[in-house]
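# Overview (structure and organization)
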Amino acid sequence: MVSNIAIFNSLLKGLAVTLQVLGYSVILALGLSFIFGFLSLSKWKMAKIVSHLYIEIFRGTSLLVQLFWLYFSLPILGIQLPAMLVGVLGLGLNYGAYGAVVVKTSIQAVPKGQFEASVALNMSPFRRMRSVILPQAFLIMLPTFSNLTIELLKGTSLVSLVTLSDLTFQAMALRSATMETVKIFTILLILYFIVAYPITLAFRWLEKKLSVGRG
Amino acid sequence: MWSWDFAFSILPQLLQAMVVTIEATIVGFVIAALLGLLWTLCKRSPFTPLRIAVNAFVEFIKSTPLLVQLYFIFFVFPAFGVSLSPFLAGVLGLGLHYSTYLTEVFRTGIDAIPKGQWEAGSALNFSRVKIWTQIIMPQAIPPIIPMLGNYFIVMFKETPLLSAISLVEMVQTAQMIGSASFRYVEAFTDVGIIFLVLSYPASLIVGVINKRIKQRFGQSI
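Residues numbered from 1 in each chain as written. Chains lettered and ligands numbered in written order. Predicted model: local features only at pLDDT ≥ 70, side-chain atom pairs only at ≥ 80, totals over all residues. Heavy atoms only, no water.

## With respect to the overall build of chain B
We count it as follows: Secondary structure elements are defined from DSSP: runs of H or I of at least 4 residues count as helices, runs of E of at least 2 residues count as strands, and each element is numbered from the N terminus. Type-normalised accessible area, obtained with a 1.4 Å probe on protein chains alone, sets the label of each residue: buried when under 20%, exposed when over 50%, and partly exposed for intermediate values. Here a residue-residue contact requires only that any non-hydrogen atoms of the pair lie within 4.5 Å. For the accessible areas, the method is Shrake-Rupley and the probe is 1.4 Å, while residue cover comes only from the protein chains on display. In this tally, Lys and Arg are treated as positive and Asp and Glu as negative; His is ignored, and so are the chain termini. One atom stands in for each charge, and that atom is NZ of Lys, CZ of Arg, CG of Asp or CD of Glu.
The helix and strand tally for chain B stands at nine helices and zero strands. Here the C-alpha coordinates of chain B stretch approximately 70 × 50 × 25 Å along the principal axes. Out of the 221 residues belonging to chain B, those deemed buried represent 45%. Taking contacts inside chain B between residues at least 6 apart in sequence as the whole, the part at least 24 apart equals 76%. Put simply, chain B shows about 10800 Å² of open surface, and 67% of that area lies on carbon and sulfur atoms. Of the charged side chains in chain B, 14 are positive and 10 negative, and the gap between their average positions amounts to 17 Å.

## Looking at the layout of surface pockets
All names here are of chain A. Under the convention used in this document: Grid points spaced at 1 Å over the protein atoms alone were grouped into cavities, where a 1.4 Å probe fits but cannot get out, and pockets, open sets with protein on both sides within 12 Å along at least five of seven lines, with lining residues defined by an atom within 4 Å of a point. Grid points are joined across faces, edges and corners, and a volume is the space filled by probe spheres set on the points.
In this structure, the second largest pocket occupies an estimated 580 Å³ of space. Along the walls of the second largest pocket sit 17 residues, with L41, I107, F115, R128 and M129 positioned nearest its centre. Those elements giving two or more residues to the lining of the second largest pocket turn out to be α1 (4–41), α4 (83–109), α5 (112–120) and α6 (125–155). Broken down by element, the lining of the second largest pocket gets its largest block of residues, four residues, from α6.

## A few points about the UniProt feature "domain: ABC transmembrane type-1" (unreviewed entry) in chain B
As a reminder, the rule being used: UniProt positions are given in the numbering used here, feature names are shortened, and annotations may be inferred rather than shown by experiment.
In the numbering adopted here, UniProt assigns the feature "domain: ABC transmembrane type-1" (unreviewed entry) to residues 14–206 of chain B. Taken end to end, residues 14–206 of chain B is 82% helix and 0% strand, and its two terminal C-alpha atoms sit 26 Å from one another.

## Focus: the interface of chain B and chain A
For the record, the criterion: Defined in terms of a 1.4 Å probe, buried area is the accessible area two parts forfeit on being brought together, summed over both. Salt bridge criterion: a side-chain nitrogen from Lys or Arg within 4 Å of a carboxyl oxygen from Asp or Glu. For this analysis, a polar contact is any N or O atom pair within 3.5 Å, provided that within protein one partner can donate a hydrogen and the other can accept it, and provided that sequence-adjacent residues contribute only side-chain to side-chain pairs.
On the chain A side, the residues contacting the 36 residues of chain B number 36 residues. Interface area for chain B against chain A, summed over the two sides, is near 3300 Å², with a carbon-plus-sulfur share of 77%. Inspection of the chain B/chain A interface yields zero salt bridges. Inspection of the region where chain B meets chain A yields nine residue pairs in polar contact (both at pLDDT 80 or more). When residues of the side of chain B that touches chain A are traced back to their parent elements, those giving at least two are α3 (48–63), α4 (66–76), α5 (86–111), α8 (170–181) and α9 (184–217) of chain B. When residues of the side of chain B that touches chain A are assigned to their parent elements, the largest contribution, 10 residues, is made by α9(B).

## Quick look at the pattern of salt bridges
Residues and elements named next belong to chain B. Evaluation of the coordinates by the stated rule reveals eight salt bridges over all chains. With a closest N to O distance of 3.0 Å, E104 and R107 form a salt bridge. Of the two residues, E104 and R107 are both situated in helix α5; the distance of three residues between them amounts to about one turn of the helix. The class of E104 is partly exposed, set by a relative accessible area of 27%. When its relative accessible area of 33% is taken as the criterion, R107 is described as partly exposed.

Here it is in structure tokens:
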């Protein structure tokens, strides 16, 4: 019989890893979303093709396949990455592809008149994007980004399958050590919910705050 | 390093496993659609406690990882006397998880039906069952077919998770090939390509259907 405190402690250790993976991969995915989102809107044909390939390859093959590919295949090809990096890279690349589509469609959803007006006002392309288009596009992106962040959080549980000791990994280890299956997995589900819910609330708050005075 | 011969030689084995992947997707999708519809109906119930309970349940399932839910069904249910095979546990988990997404899809479809349709139904003295089956559903379903199609593709790409509860589908097969020959690169690359070859055309088809339905119904949701 293992005490509840011992179970809780090792789950908390896993939670720290899960949050770390989540943090890093959100940053990577966000960066990739904007880079490839902008590239796919570029006039330069090569950039369009590159971003199209990136988006379709990473959306079209499954996240777990990508993680396993990075984990098992790269060492054979001579590249040895730590498990943490594999997890962050896999999650970031996968969700970055979904995010790139969101960035692209949100910018396209800004009314054309906004674009024309800023051209008529002789704004530089950079100024146009920064002061007129992006603030409006960002508001359109927010609800989808909120969903994607929750999807990413759920996706972090997959890193347990490439031996990173996250929340799910710790739970599986505890299961084989203590056989207290019911208790462990119930706590596990609740812990994930406790992480997810504030994220949803935070996005709702941000959306409300940013849409003030925007009819 | 990379062996074309090996990559081709394992294809038949992987394609055989692909059948299991597709079966799991189809059965999972049917479960998701049925449960999703059930949640949608419950959320419209006049009985408030039921509405609150279903809303909370859906929110909880949607916010927690599918992988953990699969473990829960596979490892915790036996403690209560329900032992399921990997396939059954897998499609049940997959279906339950995605039912929480499909309920939103059904809701948008049903909400788009003008109020007059409901009123006309009751004015003509249709029973509640008849209003649903003869008036509302036939109008609510066609516009959401593309969205259902998208979720079908999403579920297809989530089936590799079923390998974690020891279902021998494509990823599990690739892993077995990899550990036997230590040729992981070919095995996982093949699996990735099979996924891409199936899901990319499928998403193009959904796009075409979406266009057709937009033309026919004037607007899409």
